[in-house]
Amino acid sequence: MKLSSKEIKNRLSGLNGWKEENSTLMKTYRFPSYMDGVRFVERIAEAAEEANHHPDLLIRYGQVEVRLTTHDVGGISEKDFQLAQVIETLTG
Ligand SMILES: C[C@H](O)[C@H](O)[C@H]1CNC2=NC(N)=NC(=O)C2=N1
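The model shown is predicted, which means the values in this text are computed figures rather than measured ones.

Moving on, we come to the sheet that holds strand S3 (residues 56-60). Across the sheet, which stays open at both edges, the four strands sit in the order S1-S2-S4-S3 with antiparallel pairing between neighbours. What marks the edges here is a single partner per strand, and that holds for strand S1 (19-20) and S3. Sheet topology note: the S1/strand S2 (residues 25-30) ladder contains two bridges and is antiparallel. Directly across from Lys19, in S2, lies its bridge partner Met26.

Given below as structure tokens:
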């Protein structure tokens, strides 16, 4: 269930701006306003509920940090990459 570092490296090349840090996928998204970031977080939360897979989210002024890891397996799994792909579609 946990992906190897080789698999993670390969999968990361298909994602824009994501990186691995301490067995977590992470990306920082930037927004013109604080509320744009909040609205982005709301869209992520809906997708997370849909997937039953939940990221850690940090809302800052003008940016949102998204961190994904699979607690059940203690590392990065397929679910993390799947949700990252979905999150990439939510920025528009
Ligand atoms: C029972 C278990 O908590 C659920 O299957 C889901 C909920 N959301 C989750 N989110 C994340 N990031 N990791 C999990 O292991 C996870 N488990």
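Counting 21 residues, the largest nonpolar core has Trp18, Phe40, Val66, Phe81 and Ile87 as its most contacted members. At the level of secondary structure, the elements contributing two or more residues to this core comprise helix H1 (5-12), S2, helix H2 (34-51), strand S4 (63-68) and helix H3 (78-88). In this view, Phe81 contacts Leu3, Ile8, Arg11, Leu12, Leu15, Leu25 and Ile76; residues no more than four positions away in its chain are not counted.

Here we take up the pairing of S4. Two strands pair when backbone bridges link them, and S2 and S4 are joined in this way by six bridges, in the antiparallel orientation. Directly across from Leu25, in S4, lies its bridge partner Leu68. Pairing between S3 and S4: five bridges, direction antiparallel. Looking at S4, one finds that Ile59 is bridged to Val64. The turn linking S3 back onto S4 is made up of two residues, and Gly62 within it adopts a positive phi angle of 80°.

Moving on to the confidence of the model for the protein. Of the residues in the protein, 100% reach a pLDDT of 70 or more, and the chain-wide mean stands at 97. Scored by ipTM, the complex comes to 0.94, with pTM at 0.96.

We now examine the packing of aromatic side chains. One pass over the full model with this rule turns up three aromatic pairs. Relative to Tyr29, the ring of Trp18 lies with its centre 6.3 Å away and its plane at 80°, an arrangement referred to as edge-to-face. Within this pair, whereas Trp18 is found in the loop between H1 and S1, its partner Tyr29 is found in strand S2, the two being separated by eleven residues in sequence. Since its relative accessible area comes to 7%, Trp18 is described here as buried.

What counts, and at which threshold
- Residues numbered from 1 in each chain as written.
- Predicted model: local features only at pLDDT ≥ 70, side-chain atom pairs only at ≥ 80, totals over all residues.
- Heavy atoms only, no water.
- Pairing = 2+ DSSP bridges.
- Helix = DSSP H or I, 4+ residues; strand = E, 2+ residues; numbered from the N terminus.
- Core = buried A, V, L, I, M, F, W, Y, C linked by side-chain atoms within 4.5 Å.
- Buried < 20%, exposed > 50% of the residue type's maximum accessible area, 1.4 Å probe, protein only.
- Contact = heavy atoms within 4.5 Å.
- pLDDT = per-residue confidence, 0-100.
- Phe/Tyr/Trp six-rings, centres within 6.5 Å; stacked < 30°, edge-to-face > 60°.

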